[in-house]
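The lines below spell out each chain.
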Amino acid sequence: MSHQINIGFETEVEDEQAVSELIRTCAKRVLESEDVPFDAEIDVTVVDADEIRQLNAEYRDKDAVTDVLSFPMYDFLNGVPQEELEAEPDTGCVMLGDMILCYTRAVEQAAQFGHSPARECGYLTTHSVLHLLGYDHERSDEDTRLMRAKEEDNLTFLGLTREN
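The structure presented is a predicted model; accordingly, all values stated were derived computationally and were not measured.

The rules behind these values
Residues numbered from 1 in each chain as written. Predicted model: local features only at pLDDT ≥ 70, side-chain atom pairs only at ≥ 80, totals over all residues. Heavy atoms only, no water. Pairing = 2+ DSSP bridges. Helix = DSSP H or I, 4+ residues; strand = E, 2+ residues; numbered from the N terminus. Axes fitted to C-alpha atoms, helices over the stretch in contact; angles between N-to-C directions. Contact = heavy atoms within 4.5 Å. Expected span 1.5 Å × (residues − 1). Phe/Tyr/Trp six-rings, centres within 6.5 Å; stacked < 30°, edge-to-face > 60°. Buried < 20%, exposed > 50% of the residue type's maximum accessible area, 1.4 Å probe, protein only. Lys NZ or Arg CZ within 6 Å of the ring centre and 35° of its normal. Salt bridge = Lys/Arg side-chain N within 4 Å of Asp/Glu carboxyl O. Parallel < 35°, antiparallel > 145°, perpendicular 65-115°, else oblique. Left-handed = near helix turned anticlockwise from the far one by under 90°. Nonpolar A, V, L, I, M, F, W, Y, C, P; charged D, E, K, R; others polar.

A.B. asks: Would you mind going over the sheet that holds strand 3 (residues 68-72) with me for this structure?
C.D. replies: Strand pairing in a sheet takes place through backbone hydrogen bonds and is either antiparallel or parallel in direction. Pairing within the open sheet is mixed, and its four strands lie in the order 1-2-6-3. Edge positions in the sheet fall to strand 1 (4-9) and strand 3, since each has one partner strand and no second. Geometrically, the sheet is characterised by an average inter-axis angle of 15° between neighbouring strands, direction not taken into account. By the bridge criterion, eight bridges tie strand 2 (residues 40-47) to strand 6 (residues 94-102) in an arrangement that is parallel. Residue pairing across strands places Ile 42 opposite Gly 97, the latter belonging to strand 6. Set on the sheet, helix 1 (residues 16-33) makes contact with strand 1, strand 2 and strand 6; between it and strand 1 the angle comes to about 150°.

A.B. asks: Whenever I open this one, helix 5 (residues 141-157) confuses me. Can you help?
C.D. replies: Note on helix geometry: an α-helix contains 3.6 residues per turn, so any two residues three or four positions apart are oriented the same way. Over its 17 residues, helix 5 runs 24 Å from end to end, which matches the ideal 24 Å to within 8%, given 1.5 Å per residue. At its buried positions, helix 5 is contacted by helix 1 and helix 4 (117-132). Count one or two residues on from helix 5 and you reach Gly 159, which has phi positive near 80°.

A.B. asks: Is there a simple way to think about the packing of aromatic side chains in this case?
C.D. replies: Each aromatic ring pair is specified by the distance between its two centres and by the angle formed by the two planes. Counted according to the given criterion, the structure contains one aromatic pair. For the pair Tyr 59 and Phe 71, a centre-to-centre distance of 5.1 Å together with 70° between the ring planes defines the contact as edge-to-face. Highlighted residues: Tyr 59 in helix 2 (residues 49-60) and Phe 71 in strand 3, separated in sequence by 12 residues. Note on Tyr 59: relative accessible area 52%, which makes it exposed. Looking at Arg 29, its charged tip hangs above the ring of Phe 157, at a distance of 3.6 Å from the centre.

A.B. asks: Could you clarify how one ought to interpret the pattern of salt bridges in this entry?
C.D. replies: Opposite charge on two side chains permits them to pair, given that their charged atoms come into close proximity. Within this structure, the stated rule accounts for six salt bridges. The partner of Glu 152 in a salt bridge is Arg 119, with the nearest N and O atoms 3.2 Å apart. Of the two residues, Glu 152 is situated in helix 5 and Arg 119 in helix 4; the sequence distance between them amounts to 33 residues. When its relative accessible area of 2% is taken as the criterion, Arg 119 is described as buried.

A.B. asks: What's the story with the packing of helix 3 (residues 103-113) against helix 4 in this structure? I'm lost.
C.D. replies: The relative placement of two packed helices is expressed as an angle between their axes plus a distance between the axes. Look at helix 3 against helix 4: their axes get within 8 Å of each other, and the N-to-C directions meet at 120°. As summarised for this structure, helix 3 and helix 4 are arranged oblique, according to the angle between their axes. Relative to helix 4, helix 3 is oriented so that their crossing is right-handed. Where helix 3 approaches helix 4, its residues Tyr 103, Ala 106, Val 107, Gln 109, Ala 110 and Phe 113 are matched on the opposing element by Pro 117, Glu 120, Cys 121 and Leu 124. Class assignment of the residues belonging to the contact of helix 3 with helix 4 gives a composition of eight nonpolar, one polar and one charged.

Rendered as structure tokens:
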């Protein structure tokens, strides 16, 4: 599959190239591990705390800084599409949706949890792509366990363990 991960930065990060490569690698890994049988496209925007707080308030009625937001284009349930998917004529890819990642929050959380910013960004990317594919840790305890297991499996495969 030829998955397309488009990344834009609306905030300054220490090494845009490294962060882009990490996000792209993690997103593609999730799509591969989920055996997504079509070329998928995801738009990622890296923002600061003010921007994500505004988006969180606007779209989720939560006036607080969060780490990542996912905006799916299609309805999936645990990786299975619940509606017909259409490829974009220009790219041949199915647009799965948008991911908004707050880099400043990721760095803060990495320090708080005692691991690297790379591990935290990898986790947030993995988490968001799973949301785009219809996994939801807020649906039930069983769904929480399923999503957490998939997150850890992908991060372990990529070498982004809690020690990193």
